[in-house]
Amino acid sequence: MPPRRAADPAEFRAAIHDVADWLRNDEQPRPPRDRLAAAVRLSARTLEQVAPGSSVEVRVPPFVAVQCIEGPRHTRGTPPNVVETDPRTWLSIVTGLLEFDAAVGDGRIAASGSRASDIAHWLPLLPL
């Protein structure tokens, strides 16, 4: 499989700004699927770039799953360290509108494994 194309920082910023009003105000209409997908994918790929590795898998269904954080490599089956959440929660922590620990505490993020919370060190990626 060819390596994934690196996330362009300008594209990442533009994609986040496309969904920023919705993130700040839940009464705003949900962005079109393609714009939401772009923001989620570019933010996850940016995390993958700034925190390279394969010890934690971050899943934001239905749009993306990436591996990040240096440490033991996972290759088969269910990874031991997984962070999974919905697109809005993910983008809210990426932008600093929501703290990772608070989202885990109230059940908006499922974090399993001893290294899953390590991604909090790398967030937010683009504070609004």
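In this numbering scheme, every chain counts its residues from 1 along its sequence in written order. Local features are withheld for residues below a pLDDT of 70 in this predicted model, meaning they are given only at 70 or higher, and side-chain atom pairs are given and counted only at 80 or more; totals for whole chains, interfaces and linings count all residues. Heavy atoms throughout the structure, all of them, feed into the side-chain values; hydrogens and water do not.

Asker: How should helix α3 (residues 87-94) be read in this particular structure?
Answerer: Within an α-helix, residues lying three or four positions from one another point in the same direction, as the helix has 3.6 residues per turn. α3 sits mainly inside the fold: 7 of its 8 residues count as buried. Residue exposure (1.4 Å probe, protein chains only): buried if accessible area is under 20% of the type maximum, exposed if over 50%, otherwise partly exposed. In this text, helices come from DSSP runs of H or I with a minimum length of four residues, and strands from runs of E with a minimum of two, each type numbered from the N-terminal end. What α3 keeps buried is the set Pro87, Thr89, Trp90, Leu91, Ser92, Ile93 and Val94. In protein, a polar contact requires one atom able to donate a hydrogen and another able to accept it; more generally it is a pair of N or O atoms within 3.5 Å, and residues adjacent in sequence count only if both atoms are side-chain atoms. Near the N-terminus of α3, the side chain that reaches the backbone nitrogen of Arg88, with its oxygen 3.1 Å away, is that of Asp86. Count one or two residues on from α3 and you reach Gly96, which has phi positive near 80°.

Asker: Just checking my understanding: could you explain the pattern of salt bridges for this structure?
Answerer: Between side chains of opposite charge, pairing is possible as soon as their charged atoms come close. Salt bridges are identified by distance alone: a Lys or Arg side-chain nitrogen within 4 Å of an Asp or Glu carboxyl oxygen. Evaluated as defined, the whole model comprises 4 salt bridges. The closest approach of N and O atoms between Glu84 and Arg59, which form a salt bridge, is 3.7 Å. Of the two residues, Glu84 is situated in strand β3 (residues 82-85) and Arg59 in strand β1 (residues 56-60); the sequence distance between them amounts to 25 residues. Looking at Glu84, the relative accessible area reads 31%, which means it is partly exposed. For Arg59, a relative accessible area of 23% gives the class partly exposed. For the salt bridge of Arg108 with Asp106, the shortest nitrogen-to-oxygen distance reads 2.8 Å. Linked through salt bridges whose partners overlap, the residues forming this network are Glu57, Arg59 and Glu84.

Asker: Honestly, the packing of aromatic side chains in this entry has me stumped. Any pointers?
Answerer: The way to describe two aromatic rings as a pair is by their centre distance and the angle between their planes. Only rings of Phe, Tyr and Trp enter the pairing, Trp through its six-membered ring, and a pair is recorded when the two centres are within 6.5 Å. The plane angle decides the type: under 30 degrees is stacked, over 60 is edge-to-face, the rest tilted. Tallying each qualifying case throughout the model produces 0 aromatic pairs. Only when the NZ of Lys or the CZ of Arg is both within 6 Å of the ring centre and within 35 degrees of the ring normal is a charge said to sit over the ring. Over the face of the ring belonging to Trp22 we find Arg88, whose NZ or CZ atom lies 4.3 Å from the ring centre.

Asker: Just checking my understanding: could you explain the nonpolar core for this structure?
Answerer: If you look at soluble globular proteins, the nonpolar side chains tend to sit buried side by side. Residues enter a nonpolar core if they are buried and are Ala, Val, Leu, Ile, Met, Phe, Trp, Tyr or Cys, with the set joined through side-chain atoms within 4.5 Å. In terms of nonpolar packing, the biggest core is built from 37 residues, with Val58, Trp90, Leu91 and Ile119 touching the most fellow members. Elements represented by at least two residues in this core include exactly α1 (9-24), α2 (33-50), β1, β2 (64-68), α3 and α4 (100-105). If one sorts the elements of this core by residue count, α2 sits on top with 7 residues. The contact criterion used is simple: two residues touch if any of their non-hydrogen atoms lie within 4.5 Å. Those residues in contact with Leu91 that lie beyond four places of it in its chain are Ile16, Val19, Leu23, Leu36, Ala39, Val40 and Ser43.

Asker: When you look at the pairing of β3 in this model, what are you seeing that I'm missing?
Answerer: Every regular strand shows the same layout, with side chains that alternate between the two sheet faces. Here β1 runs beside β3; their pairing, made up of 3 bridges, is parallel. By the bridge assignment, Arg59 is partnered in β3 with Glu84. Here 4 bridges tie β3 to strand β4 (residues 109-112), and the two strands are oriented antiparallel to one another. Within the sheet, the bridge partner assigned to Glu84 lies in β4 and is Ala110. At least two bridges found by DSSP between two strands are what make those strands a pair.

Asker: Is there a simple way to think about the packing of α1 against α2 in this case?
Answerer: Helix packing for two helices is described by the angle between their axes and how far apart those axes are. At their nearest, the axes of α1 and α2 sit 8 Å apart, and the two run at 130° to each other. In terms of orientation, α1 and α2 fall into the oblique class. Considering the relative orientation of α1 and α2, their crossing is left-handed. Each of Glu11, Phe12, Ala15, Ile16, Asp18, Val19 and Trp22 in α1 lies in contact with α2, whose residues at this interface are Arg35, Leu36, Ala38, Ala39, Leu42, Ser43 and Thr46. Under the convention adopted here, Pro, Cys and the residues Ala, Val, Leu, Ile, Met, Phe, Trp and Tyr are nonpolar, Asp, Glu, Lys and Arg are charged, and Gly plus all remaining residues are polar. Tallied by class, the residues present in the contact of α1 with α2 amount to 9 nonpolar, 2 polar and 3 charged. Only the contacting stretch of a helix is used when fitting its axis, a line to C-alpha atoms as for every element, and angles between N-to-C directions run 0 to 180 degrees. Any angle that falls under 35 degrees is termed roughly parallel, while one over 145 is termed roughly antiparallel, one within 65 to 115 roughly perpendicular, and all others oblique. Take the far helix as your reference; a near helix turned counterclockwise from it by less than a right angle gives a left-handed crossing, and one turned clockwise gives a right-handed crossing.

The quantities given are spatial measurements derived from coordinates; they are silent on function.
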